[in-house]
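Descriptive structure summary
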Number of protein chains: 2
Amino acid sequence: MKNYVFGVDIGGTTVKLGLFDTQGNVLDKWEIPTRTEDNGSHILPDIAESIREKTKLIDRDSIAGVGVGAPGPIDGDGVVHRAVNLGWGTFSIKDTLEDLLNLPVMAGNDANVAALGEMWMGGGQGCRDLIMVTLGTGVGGGIIVKGKMLTGFTGAGGEIGHMHVEDREEETCNCGNKGCLEQYSSATGITRLANRLLASCDRDSVLRQGEVSAKTVFDAVKARDPLAVEVAEKFGKYLGDTLASIACVVNPETIVIGGGVSKAGEVLIDFIRPNYEKNVFCGSREVKFSLATLGNDAGIYGAAKLVLDMESV
Amino acid sequence: MKNYVFGVDIGGTTVKLGLFDTQGNVLDKWEIPTRTEDNGSHILPDIAESIREKTKLIDRDSIAGVGVGAPGPIDGDGVVHRAVNLGWGTFSIKDTLEDLLNLPVMAGNDANVAALGEMWMGGGQGCRDLIMVTLGTGVGGGIIVKGKMLTGFTGAGGEIGHMHVEDREEETCNCGNKGCLEQYSSATGITRLANRLLASCDRDSVLRQGEVSAKTVFDAVKARDPLAVEVAEKFGKYLGDTLASIACVVNPETIVIGGGVSKAGEVLIDFIRPNYEKNVFCGSREVKFSLATLGNDAGIYGAAKLVLDMESV
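Below is a summary of the structure that appears in this document. (Residues numbered from 1 in each chain as written. Chains lettered and ligands numbered in written order. Predicted model: local features only at pLDDT ≥ 70, side-chain atom pairs only at ≥ 80, totals over all residues. Heavy atoms only, no water.)

**Points about the overall build of chain A**
Note the following rule: Only runs of H or I of at least four residues qualify as helices and only runs of E of at least two qualify as strands under DSSP, and these elements are numbered from the N terminus. Buried, partly exposed and exposed residues are distinguished by accessible area as a fraction of the type maximum, computed with a 1.4 Å probe on protein chains only: under 20%, between the cut-offs, and over 50%, respectively. The contact rule is simple, with two residues in contact once any of their heavy atoms fall within 4.5 Å. Only the protein chains shown count as cover for residues, and all accessible areas are computed by the Shrake-Rupley method using a 1.4 Å probe.
Of the regular secondary structure elements, chain A holds 10 helices and 12 strands. The dimensions of chain A, computed from C-alpha atoms along their principal axes, are 65 × 45 × 35 Å. Counting only residues that meet the buried cut, chain A has 60% of its 313 residues in that class. In chain A, the proportion of contacts linking residues at least 24 apart, taken out of those at least 6 apart, comes to 62%. Counting only carbon and sulfur atoms, one obtains 47% of the accessible surface of chain A, whose full area is about 12500 Å².

**Topic: the sheet that holds strand 1 (residues 4–10) of chain A**
All names here are of chain A. Heads up, the rule is: At least two DSSP bridges between two strands are needed for those strands to be called paired. An axis is simply a line fitted to the C-alpha atoms; with a helix, the fit covers only the stretch in contact. Between two such axes, the angle follows the N-to-C directions and lies from 0 to 180 degrees.
Reading across the sheet, the 5 strands line up as 3-2-1-4-7 and stay open at both edges, with mixed pairing between neighbours. Both outer strands of the open sheet, strand 3 (26–33) and strand 7 (105–109), are each paired with one neighbouring strand and no more. Pairwise comparison of adjacent strand axes, ignoring direction, gives a mean angle of 15° for this sheet. Direction of pairing for strand 4 (residues 63–70) relative to strand 7: parallel, over a ladder of 5 bridges. Bridged to G67 within strand 7 is M106. Sheet contacts for helix 2 (residues 43–55): strand 1, strand 2 (14–21), strand 3 and strand 4; angle to strand 1, the most-contacted strand, approximately 150°. Helix-sheet contacts for helix 4 (residues 110–121) involve strand 1, strand 2, strand 4 and strand 7, and the interaxial angle to strand 7 is about 105°.

**Some details on the sheet that holds strand 3 (residues 26–33) of chain B**
Residues and elements named next belong to chain B. With respect to topology, 5 strands assemble into an open sheet ordered 3-2-1-4-7, the strand pairing being mixed. The open sheet has two free edges, formed respectively by strand 3 and strand 7 (105–109), since each of these has just one partner strand. Taken pair by pair, the neighbouring strands of this sheet meet at an average axis angle of 15°, ignoring direction. Its contacts with the sheet place helix 3 (residues 93–101) against strand 4 (63–70) and strand 7, and it is angled at close to 145° to strand 7.

**Let's talk about the relation of the copies chain B and chain A**
We apply this condition: The copies were overlaid by least squares, fitting only the C-alpha atoms of residues that reach a pLDDT of 70 or more in each copy.
Relative to chain A, chain B is turned by 180° and slid 0.0 Å along the rotation axis, the superposed coordinates differing by an RMSD of 0.0 Å. The symmetry that links the two subunits is that of a two-fold axis. Both copies present the same face, since 100% of the interface residues in chain B are matched by interface residues at the equivalent positions in chain A.

**Quick look at the interface of chain B and chain A**
We count it as follows: Each of two parts loses accessible area, computed with a 1.4 Å probe, when they are put together; buried area is these two losses added. By convention in these notes, a salt bridge is any Lys or Arg side-chain nitrogen within 4 Å of a carboxyl oxygen on Asp or Glu. Within 3.5 Å is the distance limit for a polar contact, defined as a pair of N or O atoms, with the added protein rule that one can donate a hydrogen and the other accept it, and that residues adjacent in sequence qualify only through two side-chain atoms. Polar here means any residue outside two lists: the nonpolar Ala, Val, Leu, Ile, Met, Phe, Trp, Tyr, Cys and Pro, and the charged Asp, Glu, Lys and Arg; Gly therefore counts as polar.
With 39 residues of chain B at the contact, the number on the chain A side is 39 residues. Of the roughly 3200 Å² buried at the junction of chain B and chain A (both faces included), carbon and sulfur atoms supply 60%. On the chain B side of the interface with chain A, the three residues burying the most area are F153(B), V249(B) and F281(B), jointly 20% of the side's total. Two residues, K237(A) and D167(B), come together in a salt bridge whose shortest N-O distance is 3.1 Å. Linking chain B with chain A are 28 residue pairs in polar contact (both at pLDDT 80 or more), by the criterion used here. Counting only elements with at least two residues in the side of chain B that touches chain A, the list comes to strand 9 (139–145), helix 8 (226–250) and helix 9 (267–279) of chain B. Tallying contributions element by element places helix 8 of chain B first for the side of chain B that touches chain A, with 7 residues. Tallied by class, residues from the side of chain B that touches chain A come to 16 nonpolar, 14 polar and 9 charged.

**A closer look at helix 3 (residues 93–101) of chain A**
All names here are of chain A. Our working definition: To be clear, the arc concerns the directions from the helix axis to the C-beta atoms.
Of the residues making up helix 3, those classed as buried are I93, L97 and L101. Taken end-on, helix 3 shows its buried residues confined to a sector of 40°, consistent with a single buried face. Buried residues in helix 3 make contact with helix 2, strand 4, strand 5 (79–83), strand 6 (88–92) and strand 7. Backbone geometry just downstream of helix 3 places N102 in the positive-phi region, at approximately 55°.

**With respect to empty space enclosed by the protein**
All names here are of chain B. The criterion, for reference: Grid spacing is 1 Å over the protein atoms alone, the probe is 1.4 Å, and a cavity is where that probe fits but cannot get out, while a pocket is an open set with protein on both sides within 12 Å along at least five of seven lines and lining residues have an atom within 4 Å of a point. Grid points are joined across faces, edges and corners, and a volume is the space filled by probe spheres set on the points.
By the definition in use, this model includes 2 cavities of 30 Å³ or more. Estimated volume of the largest cavity: approximately 50 Å³. Lining the largest cavity are 10 residues, and of these G76, D77, G78, M106 and A107 sit closest to its centre. In terms of residue count, strand 7 provides more of the lining of the largest cavity than any other element does, 3 residues in total. Considered class by class, the residues forming the lining of the largest cavity number 5 nonpolar, 3 polar and 2 charged.

And the structure:
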């Protein structure tokens, strides 16, 4: 009888780990540093060591396995194809960690895995077809189709932050292209939109009183600052239009908005939804919008769920 | 032992039917009229009657079942949610036809089913992750993920013809929105782009010598008519950009171009690919482009394959 499952979320500075029961209750949760030196070769051994510590008191036969989310394209076989932030090239996370732990391992891209987590125990609970968009430093995305992650041919499925949304952009995105969604709808992107608008005019705004951030923009929106509202409208147009395009492709039941920017709350959806509804195909108009609820834990939840499902689309 | 499978493609005027062996060889192929009167209530009984005729000489136990493609949103359970062209409301195609035939039935949207057909025996053979775009009177789309159709929550998956690509459009698309891909990249859309350009200038062009169509435009492109080339460039920009967006979402191995417009040949891809490559996320840049090879038979092939797979994503 399998009673336990581990979920691991590898970030650029910290690895989050969680021990779950098979119903999705967190029994334990902890972190270890991500050692990216030596091409990240210590990361998986460190994780294995940390899990071995925890499993001393658990019957190994009761452990379903270990799920892993990591930042980079990871295909359906658990092979990562370069994860720059971790120093990783191309190798099988699944095989490597299975050898270290002698437990079943599943691996997926962190944003895809977070989407699975929100579907399982978060803002998308009860849905099997959803889009999750994570608005943080960048824009991450995860697509869930009939309950499974859409990983794509080489693990680059759900990279919605790099959908092209603006032909007139002159600055280059981190990915090398110009005019990606991420340049307008991430925390950084919202700040950029605000600073551009502030520099282009001398209209009064509370945003002129201190450092501009996605948080100060949406705080100002709540205080009805007209310039901040204009920034939010631009943000909502880019993101709403893009989500409408994605919905034409995947026809979701729910769209979950997560990441640091989502702390602004329902007001975000007020700026996204009208643009979404204007442009989406009628068959996908009745979508539910919801906010993510698992915060930084979405990754460990989704990683655990990946093992419980044991196969991704 | 199941040796045979039927594939049925319901169009607005004609129903195409095919009898296949399980390796994908067509053993027989025929058509019956689509009787749309009386809310399309004769369509499925007519199909059942036609199949019963053919099965008189076949051991029923050797028939795997009947697959059906139809124009409208059809969910994973084989339920159609209004098919305007056929006069249909909402009902289960699967249950209705199973009752009539006493054989297993699977059903899907015609464009999605055609994509499955091209994957199985056409331009996408050997691939399990593909986008098919059908450039006909409208623009249809089908997304295949790990070998299965992406049907979506209510059967509206793959409706890429209604992705919003132009904010400045003033004419309304058939779907009720403005600025859909279909308005620029279908046969009708290409004709529209050409007529608009011809009306906006008095430049010389062979297109001024007769009625303009997608065919005359691409014939003129092959004859290096500069105005026709400009039309093809606009077409390629809209379609290439949109395919790049879709690829960011689903990370395909192959993109198959089908429909009447695809008869123009490889020249189409020459106008699509540069725009695609410019804007797509690096992880999806190495995609293969190919032309559909099954023509109007893609639907019956895909419908047959749907039965052989017996479950869609």
